[in-house]
Amino acid sequence: MEDERSLLAKSTLVSSADPKVNGANGTSTASLAAVQDGATVAGKENLLRRSASPSSSDEIRVLVGSFNLATRIPTPPHGNPPSLVSWLAPPSSILPAAVIPDVVVVGFQELISQFSGARLPLGGSCHGDADAQIKRSHGRLEFLDPWIDVIKWDLSTVYGGDKEHGGVWYEPIVASRMVALGLLVLVRRGDGGDLINVKRVWEGEVGTGMLGKYPNKGCIAIGLDIEIHRGDSRRTGSLCFANSHLGPHEGHKHYTGRNEEIRHILDTLVLLPRRDSDDADASHDTDDDEEEEHEYIGVVDDDDEMIPAARQVDDFNAAFFFGDLNYRLMGAGVSDKSARREFRAQVTAHIDAGDVTPLLALDELTNIRDFEKFPPLTGWMEPDITFLPSYKHKVITGLLPHIAEKQQEEWNKNAEARYAETRVPAFCDRIMYRGVDHARSARRRGSANRPCAPGWIADDEDSETDELADWEEARQHTAGAISPLFYTCAHDVLWSDHKPVAAHFSVDLDLASRRPHPSRVITRDVKRLLVSWARDAQFRRFREAAAENSTVWAVATAIMACIAAASFWFGLKRGGVDPIQLLFGGGRREEL
């Protein structure tokens, strides 16, 4: 298998540099190169100021990737795992040595089909260490496990080295799965020593799928409290990674549904410290009397920092929200078939020309975040998109050595032939980021009745002017704290109807390591209220979804009709009436 993967990796690297492969009909080499080169202007300027070396002492580099696998598992009959080198590597304009990531986070969606997911436990994620053998033996990482080695191998191919032979290599720290959502976190090792220490891991999940609650859709999140050692320098910070899969389909109804999903996720996603974290062990082992004695988790770390009892996304210094967010192009949901065909033809014409600007003007997520200023997305930003739509492609199947030929054939086709006719091409797979200014911002977005620490100002206390000022201030802090270096889509990965996307960030530790004021830290009492409120909100969503679901009503009506018929039947029996005789011309039983 290793020889085959090496061959495939080489063919991928060669083809990504070949204009014949990267060019589509009607697309000039120059225009497509501009589209496919995901390095941002600011990112290139930042890189010019840096040497080709690991991160400097005032930054941490984070690589985030997202891939919807379309339920294809890397085993027969689907064949060997694909090479993901072009997904995890920087664009051709950037040398890998210049952007070696310190933390790599990979989110998968549709690891398995709905039918396979239906037999899995309904509640809770399969959180824990990536190398925990007990979890593997119990099947709790089933379906995610095959991809862990794929990611490690491809990172080694891109950035060089491994644990046995030295150089840079990546250690899986956390692997989690929630039904069909998978999340993998790896940390850079080697190259002179282990410079990053994960002090604490936080975990949380929210299901938003069937009936508003089943976790075939939703969000799985991991938080890290990290400590970075570089020479005599020692820095701390916190990072949050939220991998999401939102509701599908085109049209305004589904667009508003996705907006509601984001609001619900950011409202009710509560991350708790992992039990096998050093501090968490102490807290979970304490008895009730000791719990009452401590206002927070019960432990103060070496930096005299109060460890909260729980966290939400905006309690971390830097956060990344990514996945198959399923946002489409406005206008794609038109019901008239001829109008839809015309709209799709215009979209594919822009794709063939390598011009994404008109498409982004119609992008739903860009509209709700940047123009409508959707309150839950306050402070959230996205790198500039220069790549072609990631969805919905025709799935290309095949095994080595023919896959390189199919790859060549695929890119020689025009967009009308590459993208599936059943959908209008769209930027479904996205990566957003946010820096939280714990030193200045005191406003916490979300539902007004959501429990929070007393140091936060609720939304209903803000004027419209305050909200606008807070929006601008939050974005300014994000722009200063986190710099995107590149944002790419690996169109040459032939595995799914989605193409994987990746973004590389430089996080400024001066801005990202500020601690929140003690009044904004979630205590045990607030945690209890928050967890209870989140569960109630999730159950309300389930009831509302069930009430609006015609299938649920049909099943409920059928069940009630059966119950009523059974009650009537046995009632007649108890009254001495034969129901069959009554129905077919009889009556009361003859008395002996």
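Keep in mind it's a predicted model, so treat the numbers as computed, not measured.

Asks: Explain unusual backbone geometry to me, using residue names and the numbers behind them.
Replies: Backbone torsion omega between Tyr391 and Lys392 reads 0 degrees, so that peptide bond is classified as cis. Tracing the sequence through the fold places Lys392 in the loop between α14 (364–371) and α15 (403–411). Positive phi is not limited to glycine here, since Ala70 has a value of about 55 degrees. On the secondary structure map, Ala70 appears in the loop between β1 (59–68) and α5 (85–88). Residue Ala70 is classed as buried on the basis of its relative accessible area of 18%. At Lys373, a position not held by glycine, the phi torsion is positive, near 55 degrees. Mapped onto the secondary structure, Lys373 falls in the loop between α14 and α15. Residue Lys373 is classed as partly exposed on the basis of its relative accessible area, which comes to 29%.

Asks: Account for the packing of helix α9 (residues 252–268) against helix α19 (residues 524–548), with residues named and values stated.
Replies: The N-to-C vectors of α9 and α19 enclose an angle of 155 degrees; their axes lie 9 Å apart at closest approach. Taken together, the axis directions place α9 and α19 in an arrangement best described as roughly antiparallel. In terms of crossing hand, the pair formed by α9 and α19 is left-handed. Contact residues: Glu260, Glu261, His264, Asp267 and Thr268 in α9; Trp533, Ala534, Ala537, Gln538 and Arg541 in α19. Its residues placed into classes, the contact of α9 with α19 shows three nonpolar, three polar and four charged.

Asks: Describe the pairing of strand β4 (residues 181–190), and please don't skip the residues or the numbers.
Replies: Across the ten residues that make up β4, a large majority, ten, are buried. Direction of pairing for strand β2 (residues 103–109) relative to β4: antiparallel, over a ladder of six bridges. For Gly107, the partnering residue across the bridge sits in β4 and is Leu183. Of the pairings in the sheet, the one linking strand β3 (residues 168–178) to β4 comprises ten bridges and is antiparallel in character. Residue pairing in the sheet places Pro172 in a bridge with Leu186 of β4.

Conventions we followed
Residues numbered from 1 in each chain as written. Predicted model: local features only at pLDDT ≥ 70, side-chain atom pairs only at ≥ 80, totals over all residues. Heavy atoms only, no water. Helix = DSSP H or I, 4+ residues; strand = E, 2+ residues; numbered from the N terminus. Buried < 20%, exposed > 50% of the residue type's maximum accessible area, 1.4 Å probe, protein only. Axes fitted to C-alpha atoms, helices over the stretch in contact; angles between N-to-C directions. Parallel < 35°, antiparallel > 145°, perpendicular 65-115°, else oblique. Left-handed = near helix turned anticlockwise from the far one by under 90°. Contact = heavy atoms within 4.5 Å. Nonpolar A, V, L, I, M, F, W, Y, C, P; charged D, E, K, R; others polar. Pairing = 2+ DSSP bridges.

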